Amino acid sequence: MPHTITVGLDGSPESLAAADWAAREALLREVPLRLVHAGELPLHAYIPFAGEAVPPPGADRSAHLLREVGTALRHRHPELRVTADRIAGQPAAALTAAAEEAGLLVIGSRGIGRVAGFIVGSVALAVLARAERPVVLVRTGGRAEDEHLPDATGTPSSALPRREVVLGLDLVDPDDAVMEFAFDAARRRAAVLRVVHGWSVPPSYGDEDALDTGLDAGPAVRERRGPADVLEQWKDKFPDVEVRTQSVVGGAGAHLVDASREAALVVVGRRIRRAPVGSHIGPVTHEVLHHASAPVAVIPHD
């Protein structure tokens, strides 16, 4: 199911927000949506999606959850193709396996304020660190209207264009999967693509290629390239996407977090590391995950 969007459900508000976002994304991509649930669903964790009563003790709450969410999404989006499955295994391992069968996995994370970012739980971090397919983290409290620009009163309106897609660009080692995901997301939304890249020192003061991306580029940069060089082929491939570049001094993470406040989506890369121990998420991606206020797409690459 490489063209399916899969969303992990556990009955929490954050997973229901992820289902909402995933449904809209599936419609943008014109692909089916698969709802999955792994593990047992504690009674206290179940929050009705559409105002239905909580199933009584002894009922199959997992099946009820999948059925209820699927029904609500089909009602809200009649053209959406939805399937639902219970998957075996512990949540982190099961969702990681489900990600490999999908084009995109969407999971929820509790928000800590409208502009304060995410609380990333252990399951979400484990999946993000090990999945080899794109994963989007969605926080609770977001609305469909929030992806659009505000009207004259400052209120986001679905009648107006969508907010920017923000890409954290690694000039040292740009990856095709990350670039294509960001450009495609901007094209489907008819949104501006803001490309943020960071220099460890100002270009006028020395090595222009000392880029701080959170990746270990070694003592010397492998190739002298600027954003125009990296972006040229992608602008040719996606001529309808308006691109705005933002060169910043220092680590890109804080600037991506700032940009996320006015963004519909933030896209960052994560180098696949198959070592059994150690961090599997770079410092820039880690900072964005914990502090961004827009959904974050993490694109793994070799």
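Our subject is the structure listed above.
Residues numbered from 1 in each chain as written. Predicted model: local features only at pLDDT ≥ 70, side-chain atom pairs only at ≥ 80, totals over all residues. Heavy atoms only, no water.

**Student:** Looking at this structure, how should I read the pairing of strand 1 (residues 5–8)?
**Tutor:** Side chains of strand 1 alternate between two faces, with Ile5 and Val7 and Thr6 and Gly8 buried alike. Taken together, the four bridges between strand 1 and strand 2 (residues 33–38) define a ladder with parallel strand orientation. Bridge pairing in strand 2 places Thr6 opposite Arg34. (Buried < 20%, exposed > 50% of the residue type's maximum accessible area, 1.4 Å probe, protein only. Helix = DSSP H or I, 4+ residues; strand = E, 2+ residues; numbered from the N terminus. Pairing = 2+ DSSP bridges.)

**Student:** Can you walk me through helix 6 (residues 227–237) in this structure?
**Tutor:** In an α-helix, one full turn covers 3.6 residues, which means residues spaced three or four apart are oriented alike. Along helix 6, the residues classified as buried are Pro227, Val230, Leu231 and Trp234. On an axial view of helix 6, the arc spanned by its buried residues comes to 80°, and they lie on one face. What points out from helix 6, more than 90 degrees from its buried face, is the exposed set Ala228, Glu232 and Asp236. (Arc of directions from axis to C-beta.)

**Student:** Would you take a moment to explain the nonpolar core for this structure?
**Tutor:** Within soluble globular proteins, side chains that are nonpolar tend to cluster in buried spots. Grouped together as the largest cluster of nonpolar side chains are 48 residues, with contacts concentrated most on Leu33, Leu35, Val106, Phe183, Leu193 and Val267. Broken down by element, the residue count for this core peaks at eight residues, all from helix 1 (residues 13–29). Setting aside chain neighbours within four positions, we find Leu35 in contact with Val7, Leu9, Leu66, Val69, Gly70, Leu73, Val82, Thr83, Ala84 and Asp85. Judged by nonpolar contacts, the second largest core, of 33 residues, contains Ile87, Leu95, Ala124 and Val296. (Core = buried A, V, L, I, M, F, W, Y, C linked by side-chain atoms within 4.5 Å. Contact = heavy atoms within 4.5 Å.)

**Student:** Which parts of the structure should I look at to understand the side chain of Thr96?
**Tutor:** Along the chain, Thr96 falls in helix 3 (residues 91–100). Not counting residues within four places of it along the chain, the set of residues in contact with Thr96 comprises Ala126, Val127, Arg130 and Ala131.

**Student:** Would you mind showing me how to read the pairing of strand 2 here?
**Tutor:** Successive side chains on a regular strand alternate, one facing one side of the sheet and the next facing the other. The buried fraction of strand 2 amounts to six of the six residues, a majority that puts the element mostly inside the structure. In terms of handedness, the path from strand 1 via helix 1 over to strand 2 forms a crossover that is right-handed. Examined bridge by bridge, strand 2 and strand 3 (residues 82–87) share six bridges and lie parallel to one another. Counted as the bridge partner of Arg34 is Thr83 from strand 3. (Right-handed = clockwise from strand over helix to strand, strands pointing away.)

**Student:** It is not clear to me how the packing of helix 1 against helix 2 (residues 61–76) should be interpreted in this structure. Could you clarify?
**Tutor:** Helix packing geometry: the angle between the two helix axes and the distance between the axes. At a closest axis distance of 11 Å, the pairing of helix 1 and helix 2 adopts a crossing angle of 40°. Taken together, the axes of helix 1 and helix 2 are oblique relative to one another. The two elements helix 1 and helix 2 cross, and the hand of that crossing is right-handed. Together, Leu16, Ala19, Asp20 and Ala23 of helix 1 and Leu65, Val69, Leu73 and Arg76 of helix 2 make up the contact between the two elements. (Axes fitted to C-alpha atoms, helices over the stretch in contact; angles between N-to-C directions. Parallel < 35°, antiparallel > 145°, perpendicular 65-115°, else oblique. Left-handed = near helix turned anticlockwise from the far one by under 90°.)

**Student:** Looking at this structure, I do not really get the pattern of salt bridges. What am I missing?
**Tutor:** In a structure, side chains of opposite charge can pair up when their charged atoms sit close to one another. Scanning the entire structure with this criterion turns up 17 salt bridges. Among the salt bridges present, the one from Arg163 reaches Glu262, with a minimum N-O distance of 2.8 Å. With Arg163 in the loop between strand 6 (135–139) and strand 7 (164–168) and Glu262 in the loop between helix 7 (252–260) and strand 10 (263–271), this pair connects stretches of sequence that are 99 residues apart. Judged by its relative accessible area of 10%, Arg163 is buried. Linking Arg261 and Asp258 is a salt bridge whose minimum nitrogen-to-oxygen distance equals 2.8 Å. Residue class for Arg261 comes out partly exposed when judged on its relative accessible area of 40%. By sharing partners, the salt bridges in this structure join Glu164, Arg194, Glu242 and Arg244 into a single network. (Salt bridge = Lys/Arg side-chain N within 4 Å of Asp/Glu carboxyl O.)

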